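One letter stands for each residue in the lines below.
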Amino acid sequence: MGLAAARLVPAGLLLALALPSALSAAPHRDYCVLGAGPAGLQMAAFLQRAGRDYAVFERASAPGSFFTRYPRHRKLISINKQYTGKANAEFNLRHDWNSLLSHDPQLLFRHYSRAYFPDAGDMVRYLGDFARRLGLHVLYNTTITHVTLDKDPQAWNGHRFVLTDHKGQVYQCSVLLVATGLSVPTLIDFPGSEHVEGYESVSVDPEDFVGQSVLILGRGNSAFETAENIMGVTNFIHMLSRSRVRLSWSTHYVGDVSWSADSVRLPEDDSDNFAMRVGYDRVIRCLGWKFNFSIFDQSLRLSSENEFNKKYPLIKASYESKGSRGLFVLGTASHSVDYRKSAGGFIHGFRYTVRAVHRLLEHRHHGVTWPTTEHPITQLTSSIIRRVNEASGLYQMFSVLADIILLKENATTFEHLEEFPMQMLAQLEPLTGRTAQHGLFVISMEYGKNFSGPGKDVFFYERSVGHTEDAWLSNFLHPVIYYYKQLPTEQEVRFRSPHWPLPRPTAIHHIVEDFLTDWTAPVGHILPLRRFLENCLDTDLRNFYAESCFRFALTRQKLPPFCQQGYLQMQGLAITESLQQHGVESKLLQNYAAATESSSQRTSDRALAPGPRAQSLDSDKEEL
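Definitions and limits used
Residues numbered from 1 in each chain as written. Predicted model: local features only at pLDDT ≥ 70, side-chain atom pairs only at ≥ 80, totals over all residues. Heavy atoms only, no water. Pairing = 2+ DSSP bridges. Helix = DSSP H or I, 4+ residues; strand = E, 2+ residues; numbered from the N terminus. Axes fitted to C-alpha atoms, helices over the stretch in contact; angles between N-to-C directions. Contact = heavy atoms within 4.5 Å. Disulfide = S-S within 2.5 Å. Buried < 20%, exposed > 50% of the residue type's maximum accessible area, 1.4 Å probe, protein only. Core = buried A, V, L, I, M, F, W, Y, C linked by side-chain atoms within 4.5 Å. Phe/Tyr/Trp six-rings, centres within 6.5 Å; stacked < 30°, edge-to-face > 60°. Lys NZ or Arg CZ within 6 Å of the ring centre and 35° of its normal.

Colleague: Honestly, the sheet that holds strand E16 (residues 413-421) in this entry has me stumped. Any pointers?
Modeller: Taken in spatial order, the 6 strands make up an open sheet running E14-E16-E15-E17-E18-E19, and their pairing is antiparallel. Bordering the open sheet on either side are strand E14 (372-376) and strand E19 (507-510), each of which pairs with just one other strand. Direction aside, neighbouring strands of the sheet carry axes that sit 20° apart on average. Taken together, the 5 bridges between E14 and E16 define a ladder with antiparallel strand orientation. Counted as the bridge partner of Thr-373 is His-416 from E16. Sitting on the sheet, helix H8 (residues 347-366) touches strand E15 (401-407) and E16, and the angle it makes with E16 is about 120°.

This is the structure we're talking about:
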């Protein structure tokens, strides 16, 4: 405590000195969640359902206080698609970017708005109902002003987290889950910057800009939102940024909202032909947000001098702090893991990363292994096809979360583990409680290596790949399956090839991209996948009729898994008329019905016209 306290400002020093006497009476929780925004409530919902000891601390009087003010012009950019043509709830979440995960079907955002881009007020209503309907433990009107560590040799990680609120009340917890978002406006400093207005405070009434010339610093979503609001009444609007405009349809990144610059380059004095030579009536700063480090003691080691880490806290790919074990960052503030790569900074992405963190905590602290389903190996192809066509977590958190297929001994069965952080693959066994001793498959969704980026022409001619043999050249989002005979090491993951989400596998398979993102074509999608899996496992994953299994049992030393697990276990297919007809037409079965009918006809014919053989039998009888 002494070293930690010595680094604080005088006010913090007094607080630190007072803590030891207050700790003995301080309430203790297993889990403390900072913030009752979407990420905080999502984690609270998982903790609540698991029956864990937790509390959520929220400075406002209700959940989702950020959305009571932002976005300033009240229209969200997260889609709320009402109709998808599918009844599958998991699939529909691919097109619902606002709902949190729960077991209550009424807590879907489509019940709160029919608008494709909803109003922010609808999000406030939704989050309030989410907390109430699930009975989440939220301490409202509680502003945490200071967070530090207290050494404790008895604690699982050697310390406890100590939180102090605005009234001086002290709380302790074993695990700290930070879901405070990005709330500090990004500022710049240049001559005259004191006259710049911020996005967070500028007027949203277009009448205040009538006949004015406006310069907007930034070219992200907040900048265009501001420009659109006033473009009809201004003389002109200029937008300035240190980088080019990044359009989400080009980058395949839903964000592009946070922009910062250390300085603005001004034209040389001897030039009179530059775009900014006219004066501006207003200059508006729309440069995004960064994490509020001010309440966290330096002993937590959440930040560094790196410019990027002044925006986001320092965390691992498991979302745990690099400097303090037991401190996890959730939601928008955890976006450093997949910044400009995936959707981890937005509800439709971090609802799944929060679930992944909860599963890690369940195993670490409560001995609950990561949930899996076990299947016979004959269902491997269908299991993968189902997930790539339905799963929302894989689809939204592409190249970040992946399904893991854990093969059991002799590859007769497998465990299917869903939505594991790909970059933590080397630590899969200690993090999940599952074993990967007999090989594994990793299923992820990925874009083509050179398809996304600022200025990329994603509509270039012949961009579509339609032939199976060219599947590895697919540009659009498509499934990629990695096969490893053994888990990669941490060194292999760390020093993997650039732009690869995983180390070099034993084998890799791309399912060719599909315009409808519907990978169910028997020849184009399913057959190549099955053959890839068969080559990796050196087995036959086809299904067979009982008659074929019988023939194999008489003619082969090694039977296909389907026959081993089905026919030989007296689980052969029950014959039906349509199945019989299909088997005959495909020449897999003999037409016994026709053969029986022919035999009956021959017997009838013999009865009507006895031949020599019948006569000889009669003669024999007479002789006897």
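Colleague: Explain the state of the cysteines here, please?
Modeller: Two cysteines joined by a covalent bond between their sulfur atoms form a disulfide. For the structure on display, the rule yields 1 disulfide. Here Cys-549 connects covalently by a disulfide to Cys-563, the sulfurs 2.1 Å from one another. Its torsion about the S-S bond being -80°, the disulfide of Cys-549 and Cys-563 is classed as left-handed. Residue Cys-549 is found in helix H14 (residues 546-555), and its partner Cys-563 is found in helix H15 (residues 561-565); the two are separated by 14 residues along the sequence. For the pair shown, Cys-549 and Cys-563 are each scored as buried.

Colleague: Please clarify how the nonpolar core should be interpreted in this entry.
Modeller: Soluble, globular proteins show a tendency: their nonpolar side chains are buried together. Grouped together as the largest cluster of nonpolar side chains are 82 residues, with contacts concentrated most on Leu-163, Leu-176 and Leu-177. Sequence-distant contacts of Leu-177, that is, excluding residues within four places in its chain, are made with Tyr-31, Cys-32, Val-33, Leu-34, Met-43, Leu-47, Phe-328, Leu-330, Val-357 and Leu-361. Grouped together as the second largest cluster of nonpolar side chains are 27 residues, Val-388, Ala-391, Tyr-395 and Leu-537 included.

Colleague: Is there a simple way to think about unusual backbone geometry in this case?
Modeller: Apart from glycine, the bulk of residues carry a negative phi angle, and the bulk of peptide bonds sit in the trans form. Geometrically, the link from Tyr-70 to Pro-71 is a cis peptide bond, its omega value of -10° lying close to zero. Here Pro-71 shows up in the loop between strand E2 (54-57) and helix H4 (89-92). Phi at Arg-340 is positive, roughly 60°, even though this residue is not glycine. With a phi angle near 65°, Ser-399 is a residue other than glycine that sits in the positive phi range. Mapped onto the elements of the fold, Ser-399 is located in the loop between helix H10 (392-396) and E15. Among the residues examined, Ser-399 registers a relative accessible area of 27% and is labelled partly exposed.

Colleague: Mind showing me how you'd approach the packing of aromatic side chains here?
Modeller: One pair of aromatic rings is described through two measures. These are the centre distance and the angle between the planes. If you walk through the whole model with that rule in mind, you get 22 aromatic pairs. Taking the centre distance of 6.3 Å and the plane angle of 75° together, the rings of Phe-66 and Trp-289 count as edge-to-face. With a gap of 223 residues between them, Phe-66 in the loop between E2 and H4 and Trp-289 in strand E12 (residues 289-290) connect regions that are remote in the sequence. Judged by its relative accessible area of 15%, Trp-289 falls in the buried class. Both rings, one in Phe-109 and one in Tyr-126, keep their centres 5.4 Å apart while their planes meet at 70°; by these two values the pair is edge-to-face. Placement of the pair is Phe-109 in the loop between H4 and helix H5 (120-133) and Tyr-126 in helix H5, with a sequence separation of 17 residues. We note that Phe-109, like Tyr-126, is buried. These aromatic residues form a ring-pair network of at least three members: Phe-66, Phe-67, Tyr-70, Tyr-199 and Trp-289. Across the ring face of Trp-500, the terminal group of Lys-449 is positioned such that the distance to the ring centre comes to 5.0 Å. Seen from the ring of Phe-552, Arg-556 lies directly overhead, with NZ or CZ sitting 3.9 Å from the centre.

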